[in-house]
Amino acid sequence: MAVARKPVVEVRRSQRRRRTVSAYRDGERVVVLIPDQFSRAEESEWVDRMLARLAAREGRFARSDAELLARACRLIGLYLSDHGSVAEPASVRWVTNQNGRWGSCTPADRTIRISHRIQDMPDWVIDYVLLHELAHLIVPSHNATFWSLVARYPKAERARGYLEGVAATAGI
Ligand SMILES: [Zn+2]
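Residues numbered from 1 in each chain as written. Predicted model: local features only at pLDDT ≥ 70, side-chain atom pairs only at ≥ 80, totals over all residues. Heavy atoms only, no water.

### Overview of the overall build of the chain
Secondary structure summary: the chain contains five helices and six strands in total. The order of α-helices and β-strands along the chain, N terminus first, is β-β-β-α-α-β-β-β-α-α-α. Against the compact-globule benchmark of 16 Å for 172 residues, the chain has a radius of gyration of 21 Å, which places it well outside the compact range. With the C-alpha coordinates of the chain rotated into their principal frame, the extents come out at 60 × 40 × 25 Å. Counting every position in the chain, which comprises 172 residues, the buried fraction comes to 38%. A separation of at least 24 residues holds for 46% of the contacts in the chain among residues at least 6 apart in sequence. Working note: accessible area of the chain is about 10,200 Å², and carbon and sulfur atoms make up 53% of it. (Helix = DSSP H or I, 4+ residues; strand = E, 2+ residues; numbered from the N terminus. Rg over C-alpha atoms; globule rule 2.2 N^0.38 Å. Buried < 20%, exposed > 50% of the residue type's maximum accessible area, 1.4 Å probe, protein only. Contact = heavy atoms within 4.5 Å. Areas by Shrake-Rupley, 256 points an atom, 1.4 Å probe, with all protein chains shown as cover.)

### What to know about the coordination of the zinc ion
Listed as protein donors to the zinc ion are His-132 (NE2), His-136 (NE2) and His-142 (NE2); their distances from the metal cover 2.0 Å. Mapping the donors of the zinc ion onto the primary sequence gives the spacing H-x3-H-x5-H. Here His-132 pairs with His-136, and both are found in helix 3 (residues 123-138), just four residues apart, close to one helical turn. The same class applies to His-132 and to His-136, which are both buried. (Donors = N, O, S within 2.8 Å, 3.2 Å for Na, K, Ca; no water.)

### Quick word on unusual backbone geometry
One non-glycine residue, Arg-110, lies in positive phi territory at about 60°. Examined against the element boundaries, Arg-110 turns out to sit in the loop between strand 5 (103-106) and strand 6 (111-115).

### A look at the layout of surface pockets
Looking at the largest pocket, its volume works out to about 260 Å³. Around the largest pocket sit 13 residues that line it, and Trp-102, Tyr-128, His-132, Arg-160 and Leu-163 are the ones nearest its centre. For the lining of the largest pocket, the secondary structure elements donating two or more residues are helix 3 and helix 5 (156-170). Of the residues belonging to the lining of the largest pocket, the class tally is six nonpolar, three polar and four charged. (1 Å grid on protein atoms, 1.4 Å probe; cavity = no way out; pocket = protein on both sides within 12 Å on 5 of 7 lines; lining within 4 Å. Points joined across faces, edges and corners; volume = space filled by probe spheres on them. Nonpolar A, V, L, I, M, F, W, Y, C, P; charged D, E, K, R; others polar.)

### Quick look at the sheet that holds strand 6
Sheet architecture is open: three strands sit in the order 4-6-5, paired in mixed fashion. Looking at the sheet topology across the chains shown, the edges are occupied by strand 4 (91-95) and strand 5. The mean angle between the axes of side-by-side strands here comes to 20°, regardless of whether they run parallel or antiparallel. Where strand 5 meets strand 6, four bridges bridge the pair, whose relative direction is antiparallel. What sits directly across from Cys-105, in strand 6, is Ile-112. Across the face of the sheet, helix 2 (residues 65-80) comes into contact with strand 4 and strand 6 while running at roughly 130° to strand 4. (Pairing = 2+ DSSP bridges. Axes fitted to C-alpha atoms, helices over the stretch in contact; angles between N-to-C directions.)

### Here's the deal with the sheet that holds strand 3 (residues 29-35)
With mixed pairing, three strands are arranged side by side in an open sheet as 1-3-2. At either end of the open sheet lies a strand with only one pairing partner, and these are strand 1 (8-14) and strand 2 (22-26). Taking each pair of neighbouring strands and ignoring which way they run, the sheet shows an average axis angle of 25°. The pairing of strand 2 with strand 3 spans five bridges and is classified as antiparallel. Pairing of Ser-22 across the sheet is with Leu-33, part of strand 3.

Below, the structure written as structure tokens:
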């Protein structure tokens, strides 16, 4: 097992900060900004907490196009395998220009694009968005056949509720 090297941490105290703590990576170092009034114990507690948070965030953003494709292949195997190669996309990519859409599919060239805004969401929500777009390779419109394909995913209903909640909060 690889031992994770603890990064060099630079703690900066700020008199203007009251309670907020933030951290960011600056090359090899991690800079942690804390309120000046924090005790040494609070400082070390928060440094540990922020390092964990930063690692988790960076882990999530490490989601790559390759991982997305692997995820798509898994979903096809689980839910759409009876459609054979019809459900197989030519490409699946993360994109930043979806303008309010979580994902999109172009059946003509069999490409699927997934919004980076869902990168932070739980795996089962990402899987839903992906399965939705994969199902569009089989049925381009939102008709009953399409929804019956999507409904094969056990958390489809829950994921739709999750996304509607996020959209309502964000005013999308
Ligand atoms: Zn759709």
